[in-house]
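# Report on the structure
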Amino acid sequence: MDSKEKLSSMTVLLHWGVGLAVIMLWMAGWYIAETDSSGLLPIHKSIGMLLLPIILIRVWWRMKSGWPQSIRDHNAIEKLIARSTHWFLLIAIIAMPLFGMLWQVAGGHGLFIFGIEVVHPNFSVADPSKTEAISKAWRKIGSEGHEITAYLLLAAIALHALAGLKSHFIDKDKTLLRMLGKKVD
Ligand code: HEM
Ligand code: HEM
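In this report, we go over the structure that sits alongside the text. The numbering scheme is per chain: residues are counted from 1 as the chain's sequence reads. Naming scheme: in the order in which they are written, chains are lettered from A and ligands are numbered from 1. For a predicted model such as this one, the threshold for reporting local features is a pLDDT of at least 70, and the threshold for listing and counting side-chain atom pairs is 80 or more; totals across whole chains, interfaces and linings nevertheless cover every residue. Excluding hydrogens and water, the side-chain values take into account all heavy atoms of the structure.

## Some thoughts on the coordination of the iron atom of ligand 1
Within the protein, the iron atom of ligand 1 binds to His44 (NE2) and His146 (NE2); these donor distances fall in the range 2.1 Å. Only nitrogen, oxygen and sulfur atoms qualify as donors, provided they sit within 2.8 Å of the metal or within 3.2 Å for Na, K and Ca; with water excluded from the atoms, sites may seem incomplete. Only four donors with every angle between 85 and 135 degrees are called tetrahedral; only four or six donors with opposite donors over 155 degrees apart and all others between 65 and 115 are called square planar or octahedral, in that order; all others are irregular. Every donor counted, the six donor atoms about the iron atom of ligand 1 form angles of 86 to 180° at the centre, which fits octahedral coordination. Pair noted here: His44 is in helix 2 (residues 41-65) and His146 is in helix 4 (residues 136-169), with a separation of 102 residues, a long-range link. Counting from the N terminus, the helices are DSSP H or I runs at least four residues long and the strands are E runs at least two residues long.

In structure tokens form, the structure reads like this:
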């Protein structure tokens, strides 16, 4: 269990494991979209889907354990920004893979995890070599949701990482060290 002096290994592992995986998926997604390198796309989608259950465990663990207690007194504005950013990060990392999956299923592409079929593609009746959207409206919600959440997530991660670095280098408190698994007093 997390305490004010030390965070549990589960908290530390889930924070950095899921955090780094999300950052890497973000960079891969952006690279694919910018360079049209569609060869990487199945890997992006497969890893994103495999990460979803780990993300759900990570969020369940946080809800069950409550938020870590603050190491020192922060003013009301700092507290509000930190807490809302943490909430947003948790919601956004669930929304990203869900929007991605909705996009693919509604677009008729089906879902595959490293070549294993999870949802069957919707092949066109007129030309069975092609797939066809099941719902264009839901495909749009999925694709726009994935893109808009991606940029909001990037802003939240930047704000969050800068706040973590500020607490360490400017305020010189032990918030970052505690998230790295150190015991603090
Ligand atoms: C935490 C998980 C994920 C993150 C952080 C993530 C992030 C991203 C980002 C940043 C982009 C580029 C957005 C843009 O500039 O338009 C992208 C593109 C994309 N993602 Fe994801 N993604 C995740 C999971 C998934 C999943 C599970 C799927 C589908 C099953 C998926 C399907 C796609 C597709 C189809 C694209 C478009 C690539 C293109 O433009 O050709 N993503 N993703
Ligand atoms: C890469 C740079 C990152 C740094 C330096 C960093 C640093 C920290 C620190 C120091 C804390 C503890 C705050 C406290 O004790 O009040 C924390 C908590 C948190 N971080 Fe990060 N973080 C990073 C990336 C991420 C990413 C990518 C995510 C989301 C995917 C994330 C989500 C969270 C959440 C939700 C919390 C609240 C406590 C928890 O649920 O574990 N962090 N972070």
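## Concerning helix 3 (residues 76-106)
Each full turn of the α-helix corresponds to 3.6 residues, which orients residues three or four apart in the same direction. The end-to-end C-alpha separation of helix 3 is 43 Å, in line with the 45 Å expected for 31 residues at 1.5 Å each. With a 1.4 Å probe rolled over the protein chains alone, any residue whose accessible area is under 20% of its type maximum counts as buried; one over 50% counts as exposed, and the rest are partly exposed. Turning to helix 3, its buried residues number three or more, namely Thr85, Leu89, Leu90, Ala92, Ile93, Ala95, Met96, Pro97, Gly100, Gln104 and Ala106. Any two residues having at least one pair of non-hydrogen atoms within 4.5 Å are treated as being in contact. Summarising the contacts, the buried residues of helix 3 are in contact with helix 1 (9-35), helix 2, strand 1 (111-113) and helix 4. The definition of a polar contact used here is a pair of N or O atoms within 3.5 Å, where within protein one atom must be able to donate a hydrogen and the other to accept one, and adjacent residues in sequence count solely through side-chain atom pairs. Measuring from the side-chain oxygen of the N-cap residue of helix 3 to the backbone nitrogen of Ile77 gives 3.1 Å; that N-cap residue is Asn75. The span you would expect from a helix comes to 1.5 Å times its residue count less one.

## Quick look at the site of ligand 2
Around ligand 2 sit 19 residues, and of these His15, Arg58, Arg62, His160 and Arg178 come closest. In the model, a nitrogen atom of ligand 2 is placed 2.8 Å from a nitrogen or oxygen of the His15 side chain. In this classification, the charged set is Asp, Glu, Lys and Arg, the nonpolar set is Ala, Val, Leu, Ile, Met, Phe, Trp, Tyr, Cys and Pro, and all remaining amino acids, among them Gly, are polar. Of the residues belonging to the shell around ligand 2, the class tally is 11 nonpolar, five polar and three charged. It suffices for a single heavy atom of a residue to lie within 4 Å of a molecule or strand for the residue to be listed as near it.

## Notes on unusual backbone geometry
The phi angle at Phe114 is positive, at roughly 45°, despite the residue not being glycine. Turning to its location among the elements, Phe114 is positioned in the loop between strand 1 and strand 2 (116-119). Positive phi outside glycine occurs at Lys172, with the angle close to 50°. The residue Lys172 is located in the loop between helix 4 and helix 5 (175-179) in this model. Assessed through its relative accessible area of 65%, Lys172 is described here as exposed.

## Comments concerning the packing of helix 1 against helix 2
Helix axes are fitted to C-alpha atoms over the stretch in contact, other axes to C-alpha atoms as well, and angles between N-to-C directions run from 0 to 180 degrees. For the pair helix 1 and helix 2, the least separation of the axes is 10 Å and the interaxial angle reads 150°. The orientation of helix 1 with respect to helix 2, classified from their angle, is roughly antiparallel. Remark: the crossing between helix 1 and helix 2 carries left-handed chirality. Between helix 1 and helix 2, the residues in contact are Met10, Thr11, Leu14, His15, Val18, Ala21, Val22, Leu25, Ala28, Gly29 and Ile32 and Leu41, His44, Ile47, Gly48, Leu51, Ile54, Ile55, Ile57, Arg58, Trp61 and Arg62, respectively. Taken together, the residues of the contact of helix 1 with helix 2 break down into 15 nonpolar, five polar and two charged. Here the angle decides the label: under 35 degrees means roughly parallel, over 145 means roughly antiparallel, 65 to 115 means roughly perpendicular, and every other value means oblique. Crossings are sorted by hand: turned counterclockwise from the far helix by less than a right angle, the near helix makes the crossing left-handed, and turned clockwise it makes it right-handed.

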